[in-house]
Every structure is written in structure tokens, then in C-alpha cells.
Amino acid sequence: MDDARILSLIKNRKTKEQGFRELVCSTKERLYWQIRRMVFSHEDADDLLQEVYIKVFRNISSFKGDSSLTTWIYRIAHNETINFLNSKAAQKSLASVGLELLTEEKLAHNSNIDSETIKRLMGKAIATLPDKQRAVFVMRYYDNVPFKEMEQIMQTTESALKTSYHIAEKKIKEILASYELNF
């Protein structure tokens, strides 16, 4: 995605719709999975993704270009997801959650345990993390988002993000170790 090209299309009344289509097409899959790994539900992820794009559409004129367009959208998605999780947690506690795909390499050395069991246990471990720590873990572990980019998305320091990730990783490893799974 070329930010300058998409922004010029969006700013032109005649090509605004085309610009938004290109923006959505170039970001929707990555954004969907980022949200989905945080909320664990397809329906909630779809709803949140729509909310994110509505906010992007309404606020694109306030985009200053201090970061990449993708980073700006990721920040909106992160904030929307955290707000959603906080509101959901206020309504009821997260009891059981699932987990999306683990990489094949992680599953390969544990042939005595099926992948569905590992997904379930990993999901439970991730669900125990505080929201912001979970967000950092998911972005780094699943999407391999660089800490520098996360710094802009989450508006905190790189060292704080690294610390948060390593604490989350340690907690998850401890939980999985209690099930005799080593990652």
C-alpha cells in the first residue's frame, strides 16, 4: 500500500470511494486477525473491524502523516479493541476463550498432543493476560509487529513494550509448562 497514492485518491471527491476500497483491501486481513486474536470471536472481530473503518472514514482528514497510514489505522483498531474488551469485562468476566492458529513449527515437536488441545490451552493462557499485555503479545507473536511500530500504535516506549512482551511470554510458558507443553 502506498500511503501517498491512497491519500490522494481519498482527498479527491471523484476518487474518494476508490481510495477507501484500496485502503480496506490492503489492510483488512491483517487488521481482522489482529482484532480476532484479541477478542477470540469472529462476530466480535467483524463488528470491531467495521467500527474501525467507520472511524477511519470519519477521521481520515485528521491523519497528519506522523506515522504510516497502516500504523495509524492499527492504533485505531487497538484502541477500539481495548475499549470493547474493557466494556465486555465490565459486563461479565472472560471465562473460556479459544485461540486461533498456532504455527506448524510450534506444533511439530509436540506430536503426542493434538493441535486442538494446544490451541485451547494456549487460548486459556493468553486470556489470563491483562488486555494491554495480551495486545502486545498477540501483535508480536502472531503478526511479528516490530516493537518500533508497536510503540506508535500503543503510544508507549519500546522498552516498556519489550518488558510487557517478555512478562507475557514468561506467564504463558509457565501455564503451558503446567500442562507439560514446552514452547
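These numbers were taken from a predicted model, which means no experiment stands behind them.

Considerations on the environment of His-166
Here is step 1 of the chain: Position of His-166 relative to the elements: it lies in helix α9 (residues 158-178).
Here is step 2 of the chain: Taking C-alpha positions, His-166 is 9.7 Å from Val-136, a pair spaced 30 residues apart along the chain.

Side note on helix α8 (residues 147-154)
Here is step 1 of the chain: Within the span of α8, buried status applies to Phe-147, Glu-149, Met-150, Ile-153 and Met-154. Axial view of α8: buried residues confined to an arc of 150°, hence all on one face.

Some thoughts on the packing of helix α7 (residues 131-141) against α9
Here is step 1 of the chain: Two numbers describe how α7 lies on α9: the axes approach to 9 Å, and their chain directions differ by 90°. The angle between α7 and α9 falls in the class roughly perpendicular. Residues Gln-133, Val-136, Phe-137, Arg-140 and Tyr-141 of α7 form the contact with α9, whose participating residues are Leu-161, Ser-164, Tyr-165, Ile-167, Ala-168, Glu-169, Lys-171 and Ile-172.
Here is step 2 of the chain: Among the residues forming the contact of α7 with α9, the class breakdown is eight nonpolar, two polar and three charged.

A closer look at the side chain of Thr-27
Here is step 1 of the chain: One can find Thr-27 in helix α2 (residues 16-39).
Here is step 2 of the chain: Relative accessible area serves as the criterion here: at 6%, Thr-27 is assigned to the buried category.
Here is step 3 of the chain: Within the local environment of Thr-27, its side chain forms a polar contact with the side chain of Tyr-53, the two groups lying 2.6 Å apart.

Considering the nonpolar core
Here is step 1 of the chain: Of all hydrophobic cores here, the largest spans 48 residues; its most connected members are Val-56 and Leu-69.
Here is step 2 of the chain: The set of elements that each furnish at least two residues to this core consists of α1 (3-11), α2, α3 (42-59), α4 (69-91), α6 (115-127), α7, α8 and α9.
Here is step 3 of the chain: Per element, the largest residue contribution to this core is eight residues, and it comes from α4.

So, the packing of aromatic side chains
Here is step 1 of the chain: Per the counting criterion, the structure on display carries six aromatic pairs.
Here is step 2 of the chain: Between the aromatic rings of Tyr-32 and Trp-33, the centroid separation amounts to 5.0 Å while the plane-to-plane angle is 85°, which identifies the pairing as edge-to-face.
Here is step 3 of the chain: Residues Phe-147 and Tyr-165 carry aromatic rings whose centres are separated by 6.1 Å and whose planes lie at 70° to one another, so their mutual orientation is edge-to-face. Within this pair, whereas Phe-147 is found in helix α8, its partner Tyr-165 is found in helix α9, the two being separated by 18 residues in sequence. The pair formed by Phe-147 and Tyr-165 is uniform in burial state, with each residue classed as buried.
Here is step 4 of the chain: Three or more aromatic residues joined by ring pairs form one cluster here, namely Phe-137, Tyr-141, Phe-147 and Tyr-165.

Analysis parameters
Residues numbered from 1 in each chain as written. Predicted model: local features only at pLDDT ≥ 70, side-chain atom pairs only at ≥ 80, totals over all residues. Heavy atoms only, no water. Helix = DSSP H or I, 4+ residues; strand = E, 2+ residues; numbered from the N terminus. Buried < 20%, exposed > 50% of the residue type's maximum accessible area, 1.4 Å probe, protein only. Arc of directions from axis to C-beta. Axes fitted to C-alpha atoms, helices over the stretch in contact; angles between N-to-C directions. Parallel < 35°, antiparallel > 145°, perpendicular 65-115°, else oblique. Contact = heavy atoms within 4.5 Å. Nonpolar A, V, L, I, M, F, W, Y, C, P; charged D, E, K, R; others polar. Polar contact = N/O pair within 3.5 Å; in protein donor to acceptor, adjacent residues only side chain to side chain. Core = buried A, V, L, I, M, F, W, Y, C linked by side-chain atoms within 4.5 Å. Phe/Tyr/Trp six-rings, centres within 6.5 Å; stacked < 30°, edge-to-face > 60°.

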